[in-house]
Amino acid sequence: MHRRLTNLRFWILVFAVGWLAMVFVSIAFWPDPGAESPDELAAEVTNALRAHDFHKLEPLLAVGGEDVAKSTADQFRTARVESGVYRDGAVVIAYTHGGTRAEFRLPVEFSDGRYVINPVVTPRG
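1. Examining the environment of G84
For G84, the position within the fold is in strand β1 (residues 80-87). With a relative accessible area of 22%, G84 lands in the partly exposed category. Linking G84 and Y95, residues 11 residues apart in sequence, is a C-alpha distance of 8.8 Å. Excluding its chain neighbours within four sequence positions, the residues that come into contact with G84 are A42, T46, V92 and I93.

See the structure below:
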């Protein structure tokens, strides 16, 4: 037993098996993208834009991934996000920028049983 515990090949094998097990477990428990309800989606998008955190915004997007999440969050870097609600099929973000109050609309889609936003205009046919 002592010889096995001091054998480098044994520890390389243990490390490889442990690494693969960790990857499989993390994939199995990976959270689904989007939110369960449009109101929950609006709250999560609002919080992500308030924090200017594109990592929180990225899993809420239907398309675009990191690039779209980063550019969307960057648009609110100098703005103050006041509120966000779900209204008329979109998440409506109320914000103030340079003393001017405005609204930003992000269309909501229902995809794979979850609600996601789609900031990229996609034609439907």
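Past the structure itself, the notes keep going.
2. Considerations on the nonpolar core
Side chains of nonpolar character tend, in soluble globular proteins, to be buried together. If you look at the biggest cluster of nonpolar residues, it comprises 22 residues, and the most contacted ones within it are L41, V45, L57, V91 and I117. Broken down by secondary-structure element, the contributors of at least two residues to this core are α3 (38-50), α4 (54-57), α5 (65-75), β2 (90-97) and β3 (100-111). Per-element tally for this core: the top contributor is α3, with five residues. Not counting residues within four places of it along the chain, the set of residues in contact with V45 comprises L57, L60, V91, I93, L106 and I117.

3. Digging into the side chain of T46
By secondary structure assignment, the location of T46 is in helix α3. A polar contact is formed between the side chain of T46 and the backbone oxygen of A42, at a distance of 2.7 Å. With residues near it in sequence (within four places) discarded, T46 still touches V81, S83, G84 and I93.

4. Some words on the side chain of E109
Along the chain, E109 turns up in strand β3. A polar contact of 2.6 Å, which involves the side chain of E109, links it to the side chain of N118.

5. Looking at the pairing of β2
A regular strand carries its side chains on alternate faces of the sheet. Along β2, seven of the eight residues are buried, which leaves the element largely enclosed by surrounding structure. Bridge count between β1 and β2: seven bridges; the pairing is antiparallel. Bridge pairing in β2 links Y86 to V91. Counting the residues in the hairpin turn of β1 and β2 gives two residues, including D88, whose phi is positive at 55°. The turn linking β2 back onto β3 is made up of two residues, and G98 within it adopts a positive phi angle of 60°.

6. With respect to α3
In this model α3 runs 18 Å from its N-terminal to its C-terminal C-alpha over 13 residues, within 8% of the 18 Å that 1.5 Å per residue would give. Inspection of α3 places P38, L41, A42, V45, T46, A48 and L49 among the buried residues, and these make up the whole buried set. Seen end-on, α3 carries its buried residues on one side only, within an arc spanning 165°. Immediately downstream of α3, the backbone of H52 shows phi near 55°, a positive value.

7. A short note on unusual backbone geometry
The residue H52 is not glycine, and still its phi comes out positive at about 55°. Classification of H52 as partly exposed rests on a relative accessible area of 21%. Of note, D88 is a non-glycine position whose phi angle comes to about 55°, a positive value. With respect to the helices, strands and loops of the structure, D88 is situated in the loop between β1 and β2.

Definitions and limits used
Residues numbered from 1 in each chain as written. Predicted model: local features only at pLDDT ≥ 70, side-chain atom pairs only at ≥ 80, totals over all residues. Heavy atoms only, no water. Helix = DSSP H or I, 4+ residues; strand = E, 2+ residues; numbered from the N terminus. Buried < 20%, exposed > 50% of the residue type's maximum accessible area, 1.4 Å probe, protein only. Contact = heavy atoms within 4.5 Å. Core = buried A, V, L, I, M, F, W, Y, C linked by side-chain atoms within 4.5 Å. Polar contact = N/O pair within 3.5 Å; in protein donor to acceptor, adjacent residues only side chain to side chain. Pairing = 2+ DSSP bridges. Expected span 1.5 Å × (residues − 1). Arc of directions from axis to C-beta.

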